[in-house]
Amino acid sequence: MGAEVKTAMTIEPYRKILGLPGVRALMLVGLIARVPVIAAGIVLTLHVVNTMHLGYAQAGLVGTASTLGSAIGSPLAGRLLDRHGLRPVLIVTTAAQALFWSIAPQLSYHVLLVGALVAGVLGLPVFSLVRQCIAALIPADQRRPGFALDSMAVELSYMLAPAAAVAAVTAFGSRPTMYAVGIGVVGAGLALIALNPPTRSAAEQANPQAAVPRRQWLRPRLFALLSITAVLTFVLTATDLTLIATLKGSGQETWIGLVIAVWCGYSLIGGFVYGALHRSISPLLLAGVMSALTIPLGLVGGGWWWLLLALIPAGVLCAPSLSATIDTMSQWVPSAARGEAMGLHGTALTVGVAAGAPFAGTIIDAYGPGWAFAATGTAGVLLVLIALPLWRLAGAGVRTAPTPEPVPAAPGDTQPACATAAATTWAAAPEPASAWEGTVLAEAAISGAASTTPVAASKIGVSGQDLRSDHRS
């Protein structure tokens with residue numbers, strides 16, 4: 001009886017948010033829409049290597065171009081969402097993706113390189129958009145389980161997409177698969193256009209905030225939060241690559257898929273538990289602990305099963321850490337700038353992914369995978385400590401201003417009084433005294449980042465098809 005009551009209490013927060021109007025449809029569409037977006041990077045890598053018969057360096061450049069474009073385009077798309085709404089942005093990005101994927105299979109390498117950059121800038125903002133809509137649909141005091149559920153959905157998408165991409169390329173070739181990815185991405189855009197989820201809550205729509213200058217919300221403490229976000233994907237990406245190198249070095253590469261899948265399972269469990277907690281945990285603390293728990297992984301000897309056990313402590317913190325950064329971001333940023341802020345969050349994720357793989361690869365080449373675990377975890381801890389002063393800096397943080405009551409407009413006013421009151425309230429919002437405010441494998445909301453390294457493909461353990469023979473480069 002006690003176990004049944006405890007299970008019901010654990011599930012209750014998720015039952016409540018899924019019962020809110022529009023949330024269930026948004027979560028389902030977001031889960032499905034992310035799959036072709038994630039698969040795109042892997043398919044581009046396999047196309048360059050298998051069909052164009054070029055090296056992984058050339059494939060990495062295509063991935064780098066796509067990643068750079070995504071880093072630039074993510075906050076840009078978010079800013080346009082704030083100003084013009086959801087549908088205009090989705091129409092433009094969906095049309096851009098339709099054009100790119102309809103011609104990409106026939107492009108020469110150098111044209112494909114430029115096209116990947118442009119397509120990255122005009123990428124479908126599925127990840128940041130879904131999170132922005134979650135913040136609009138779910139009350140602030142229930143967002144933590146909402147973002148935890150979103151992180152779990154991202155994990156599922158990352159478990160499905162690489163397997164589907166590699167299987168399709170193996171069975172049908174890269175060109176037909178690229179067309180299929182294009183159809184999937186365009187279909188995702190059309191589904192979101194049809195769903196048209198709100199990017200503002202009902203209260204925010206009734207009392208819209210005036211445009212808030214960046215200097216009033218893009219403060220040092222927010223930079224610290226973005227740094228922590230980048231640290232998380234840095235550690236996760238470096239750990240992913242180091243796991244591959246560890247298992248290959250010990251002749252156990254056939255178990256790569258299982259180890260990565262179980263690691264993702266740990267993250268799913270951690271995200272589920274975190275979302276059901278009654279209290280929030282600082283993303284700074286979560287990132288520091290996860291990094292510290294990564295350091296001793298290199299000491300694990302024996303078979304792959306020991307590595308599975310050693311991954312549990314850090315693994316269960318993956319989704320909670322990432323969802324905590326998103327939740328905190330939604331609390332610290334005014335609704336009028338939420339789209340741009342979520343875009344910056346996506347850029348931070350991209351930066352972490354782009355830095356993690358080469359860092360781990362360099363250490364693996366020089367000293368071996370055992371030292372790469374230690375170096376990755378130590379780097380993560382040091383970066384968290386560097387961000388700590390900004391996190392605690394007096395006057396650096398901001399909090400979401402309460403929705404103002406409508407105020408009758410004075411004669412001659414050209415701006416709605418409620419908007420003026422909102423801007424005044426936001427500008428005057430004092431710095432909260434506490435270090436925590438507000439209530440994932442991740443995500444990476446990066447459509448092309450997976451192609452810079454074989455990391456994303458390693459989620460399903462494809463050791464002989466899309467992964468280079470030596471994962472340490």
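Participant: So, the overall build of the protein: which residues are in play, and what are the values?
Facilitator: Helix and strand counts for the protein stand at 18 helices and 0 strands. The buried share of the protein, taken over its 473 residues, is 57%. Summed over all atoms, the accessible surface of the protein reaches about 18400 Å², with 70% contributed by carbon and sulfur.

Participant: How would you explain the confidence of the model for the protein if you had to name every residue and give the values?
Facilitator: Here the protein averages 78 in pLDDT, while 79% of its residues score no lower than 70. Overall, residues 1–8 carries pLDDT values under 50, and its contacts beyond four positions in sequence, including any with other chains, amount to 0 contacts. Low pLDDT, under 50, characterises residues 394–473; the stretch is placed with 218 contacts to residues that sit more than four places away or in other chains.

Participant: So, the nonpolar core: which residues are in play, and what are the values?
Facilitator: Among the nonpolar cores identified, the biggest contains 115 residues, and Trp101, Leu112, Trp263, Met290, Leu311 and Met329 are the most heavily contacted of them. Here this core gets 16 residues from one element, more than from any other, and that element is helix H2 (residues 23–51).

Participant: Give me the lowdown on helix H3 (residues 56–84), citing residues and values where you can.
Facilitator: Relative to the 42 Å expected for 29 residues at 1.5 Å per residue, H3 spans 40 Å between its end C-alpha atoms, a close match to the ideal helical length. Largest kink in H3: about 30°, centred on glycine 73, with the proline proline 75 one to four residues after it. Glycine 85, located one to two residues past H3, shows a positive phi value of around 95°.

Participant: A description of the packing of helix H7 (residues 143–172) against helix H15 (residues 318–332) should follow, citing residues and the corresponding values.
Facilitator: Look at H7 against H15: their axes get within 9 Å of each other, and the N-to-C directions meet at 135°. By the angle between their directions, the pair H7 and H15 is classed as oblique. When the axes of H7 and H15 are compared, the crossing they make is right-handed. Each of Arg143, Arg144, Phe147, Ala148 and Ser151 in H7 lies in contact with H15, whose residues at this interface are Ala319, Ser323, Ile326, Asp327, Ser330 and Gln331. Per-class residue counts for the contact of H7 with H15 are 4 nonpolar, 4 polar and 3 charged.

Participant: Before we move on, could you go through the environment of alanine 140 and cite the residues and values that matter?
Facilitator: One can find alanine 140 in the loop between helix H6 (126–137) and H7. The class for alanine 140 is partly exposed, based on a relative accessible area of 34%.

Participant: How would you sum up the packing of aromatic side chains? Please name residues and give values.
Facilitator: Within the structure shown, the criterion is met by 6 aromatic pairs. Residues tryptophan 332 and tryptophan 391 carry aromatic rings whose centres are separated by 5.2 Å and whose planes lie at 50° to one another, so their mutual orientation is tilted. Of the two residues, tryptophan 332 is situated in helix H15 and tryptophan 391 in helix H17 (residues 369–392); the sequence distance between them amounts to 59 residues. Grouping residues by exposure puts tryptophan 332 and tryptophan 391 together as buried. The rings of Trp255, Trp304 and Trp305 are connected pair by pair, giving a single aromatic cluster. Residue placement shows arginine 144 over the ring face of tyrosine 274; its charged tip is 5.9 Å from the ring centre. Sitting over the ring of tryptophan 391, arginine 221 keeps its end group 5.6 Å from the ring centre.

Participant: Tell me about the side chain of serine 291, and please be specific about residues and values.
Facilitator: Its place among the elements puts serine 291 in helix H12 (residues 283–294). Residue serine 291 is classed as buried on the basis of its relative accessible area, which comes to 0%. Setting aside chain neighbours within four positions, we find serine 291 in contact with Val231, Val235, Gly377, Gly380 and Val381.

Participant: Break down the state of the cysteines for me, citing the residues and quoting the values.
Facilitator: Enumeration according to the criterion identifies 0 disulfides in this entry. For the unlinked cysteine cysteine 264, the closest cysteine sulfur is that of cysteine 318, found at 8.2 Å. The exposure class of cysteine 264 is buried, given its relative accessible area of 1%. Looking at cysteine 318, the relative accessible area reads 2%, which means it is buried.

Participant: How would you summarise the pattern of salt bridges if you had to cite specific residues and measurements?
Facilitator: For the structure shown, the criterion picks out 4 salt bridges. Here aspartate 150 makes a salt bridge to arginine 34, at a shortest N to O gap of 2.6 Å. Residue aspartate 150 is located in helix H7, and its partner arginine 34 is located in helix H2; the two are separated by 116 residues in the primary sequence. One continuous salt-bridge network, built from bridges that share partners, spans Arg34, Arg131 and Asp150.

Participant: Would you mind going over the environment of glycine 370 in detail, with residue names and values included?
Facilitator: Residue position: glycine 370 is located in helix H17. Since its relative accessible area comes to 31%, glycine 370 is described here as partly exposed. For the pair formed by glycine 370 and leucine 299, sequence separation is 71 residues and the distance between their alpha carbons is 6.7 Å.

Participant: How would you summarise the packing of helix H10 (residues 220–249) against H15 if you had to cite specific residues and measurements?
Facilitator: Axis angle and axis distance: for two packed helices, these are the angle between their axes and the distance between the axes, and together they describe the pair. At a closest axis distance of 10 Å, the pairing of H10 and H15 adopts a crossing angle of 160°. Taken together, the axis directions place H10 and H15 in an arrangement best described as roughly antiparallel. Relative to H15, H10 is oriented so that their crossing is left-handed. Contacts from Arg221, Leu222, Leu225, Leu226, Ile228, Thr229, Leu232, Thr233 and Leu236 of H10 reach H15 at Cys318, Ser321, Leu322, Thr325, Thr328, Met329 and Trp332.

Conventions and cut-offs
Residues numbered from 1 in each chain as written. Predicted model: local features only at pLDDT ≥ 70, side-chain atom pairs only at ≥ 80, totals over all residues. Heavy atoms only, no water. Helix = DSSP H or I, 4+ residues; strand = E, 2+ residues; numbered from the N terminus. Buried < 20%, exposed > 50% of the residue type's maximum accessible area, 1.4 Å probe, protein only. Areas by Shrake-Rupley, 256 points an atom, 1.4 Å probe, with all protein chains shown as cover. pLDDT = per-residue confidence, 0-100. Contact = heavy atoms within 4.5 Å. Core = buried A, V, L, I, M, F, W, Y, C linked by side-chain atoms within 4.5 Å. Expected span 1.5 Å × (residues − 1). Bend = angle between axes of the 7 residues up to and from the residue. Axes fitted to C-alpha atoms, helices over the stretch in contact; angles between N-to-C directions. Parallel < 35°, antiparallel > 145°, perpendicular 65-115°, else oblique. Left-handed = near helix turned anticlockwise from the far one by under 90°. Nonpolar A, V, L, I, M, F, W, Y, C, P; charged D, E, K, R; others polar. Phe/Tyr/Trp six-rings, centres within 6.5 Å; stacked < 30°, edge-to-face > 60°. Lys NZ or Arg CZ within 6 Å of the ring centre and 35° of its normal. Disulfide = S-S within 2.5 Å. Salt bridge = Lys/Arg side-chain N within 4 Å of Asp/Glu carboxyl O.

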